[in-house]
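Reading the structure
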Amino acid sequence: MSAPLALLAGCGSNVKAFPLQEKFGSTATYSRLFDATPAQTCEAARRALLSQGYIINTFRTDLVEGQKSFQPEPEAHLQMMIRVVCAPESPDGKISLGFVTALQDSYALKKSNNSASVGVGAIGSLSLPFSSSNDAMVKVGSQTITSDVFYDSFFDLLKRYLATDESVGISP
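Residues numbered from 1 in each chain as written. Predicted model: local features only at pLDDT ≥ 70, side-chain atom pairs only at ≥ 80, totals over all residues. Heavy atoms only, no water.

The next point concerns the side chain of Arg32. Within the secondary structure, Arg32 sits in strand β1 (residues 31-34). In this structure the side chain of Arg32 is engaged in a polar contact, spanning 2.3 Å, whose partner is the side chain of Asp152. Not counting the four nearest positions on each side in its chain, Arg32 is found in contact with Ser96, Leu97, Gly98, Asp152 and Phe155. (Helix = DSSP H or I, 4+ residues; strand = E, 2+ residues; numbered from the N terminus. Polar contact = N/O pair within 3.5 Å; in protein donor to acceptor, adjacent residues only side chain to side chain. Contact = heavy atoms within 4.5 Å.)

This part takes up the packing of aromatic side chains. The description of two aromatic rings rests on the distance between their centres and on the angle between their planes. On inspection of all chains with the given rule, the structure shows four aromatic pairs. Seen in terms of ring centroids, Tyr30 and Tyr151 are 4.9 Å apart; in terms of plane orientation they differ by 70°. Their pairing is edge-to-face. Within this pair, whereas Tyr30 is found in the loop between α1 (3-12) and β1, its partner Tyr151 is found in helix α3 (residues 148-168), the two being separated by 121 residues in sequence. Relative accessible area serves as the criterion here: at 31%, Tyr30 is assigned to the partly exposed category. Ring centres of Phe154 and Phe155 lie 6.0 Å apart, and the angle between their planes is 65°; this geometry places the pair in the edge-to-face category. (Phe/Tyr/Trp six-rings, centres within 6.5 Å; stacked < 30°, edge-to-face > 60°. Buried < 20%, exposed > 50% of the residue type's maximum accessible area, 1.4 Å probe, protein only.)

Most often, soluble globular proteins keep nonpolar side chains buried together rather than apart. Residues Ile82, Val84, Val100, Phe154 and Leu158 are the most contacted members of the largest nonpolar core, which totals 22 residues. The biggest single contributor to this core is α3, with six residues. Apart from residues no more than four positions distant in its own chain, Ile82 is found in contact with Leu49, Tyr54, Val64, Glu65, Gly66, Val100, Thr101, Ala102 and Phe150. (Core = buried A, V, L, I, M, F, W, Y, C linked by side-chain atoms within 4.5 Å.)

Summed over the entire model, instances satisfying the criterion amount to six salt bridges. When the shortest N-O distance is used, the salt bridge between Arg32 and Asp152 registers 2.3 Å. In this pair, Arg32 is assigned in strand β1 and Asp152 in helix α3, connecting sequence segments 120 residues apart. A relative accessible area of 34% means that Asp152 is categorised as partly exposed. (Salt bridge = Lys/Arg side-chain N within 4 Å of Asp/Glu carboxyl O.)

Taken as a whole and judged by the stated rule, the model has one disulfide. The disulfide partner of Cys42 is Cys86, and the S-S distance across this bridge is 2.1 Å. With the S-S bond torsion at 110°, the cross-link from Cys42 to Cys86 turns out right-handed. Note that Cys42 is positioned in helix α2 (residues 38-51) and Cys86 in strand β4 (residues 76-88), a separation of 44 residues in sequence. (Disulfide = S-S within 2.5 Å.)

This brings us to the environment of Tyr30. Separated by 71 residues in the primary sequence, Tyr30 and Thr101 have C-alpha atoms spaced 6.4 Å apart. Setting aside residues no more than four positions away along its own chain, Tyr30 makes contact with Gly98, Phe99, Val100, Thr144, Ile145, Thr146, Tyr151 and Phe155.

Moving on, we get to the confidence of the model for the protein chain. Mean pLDDT over the protein chain: 82, with 72% of residues reaching 70 or higher. Scored below 50 in pLDDT, residues 168-172 shows six contacts in the model against residues more than four places distant or in partner chains. (pLDDT = per-residue confidence, 0-100.)

Sheet topology note: the strand β3 (residues 63-73)/β4 ladder contains nine bridges and is antiparallel. Looking across to β4, one finds that Ser69 is bridged to Gln79. Where β3 folds back onto β4 in an antiparallel hairpin, the turn is made up of two residues. (Pairing = 2+ DSSP bridges.)

The subject of this paragraph is α2. In this model α2 runs 20 Å from its N-terminal to its C-terminal C-alpha over 14 residues, within 8% of the 20 Å that 1.5 Å per residue would give. Taken residue by residue, α2 has Pro38, Ala39, Thr41, Cys42, Glu43, Ala44, Ala45, Ala48 and Leu49 as its buried positions. Just past α2, the residue Gly53 takes up positive phi, approximately 90°. (Expected span 1.5 Å × (residues − 1).)

Here you go:
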């Protein structure tokens, strides 16, 4: 084996292999059936998100996206994005299937120090004690929420808004 090929082969062995993250199953973590049209289901999802302080980014009769920010520590920031897709499940459209996915992005404060130096032709360079710091929030992670309890509580809240809509006679 030539030296360049041996070097490339050695570099390839440093690549970290991750186990398979996805397991498709028949569990109902991310979806529920509702006795409502897709438009009614998405309206109830919009109201559920609004009731919890989410900003609605997208709202259609078949899709709702909401976003909310959290700051659990002074130098950490979390951003939650929830997407609800509402699809018809019966031929008459009066039963719908709601699919929900929550994605949480994590950010951390990163600091970088800067100092100033000046080049003087005859003397060389001269460093001055001026320093500054740049702070920036940098994305450090992103994950799909997989907690059954989280999704169960969201679907329970969504059902409450569907029941409210039916009792008041609101239709989209």
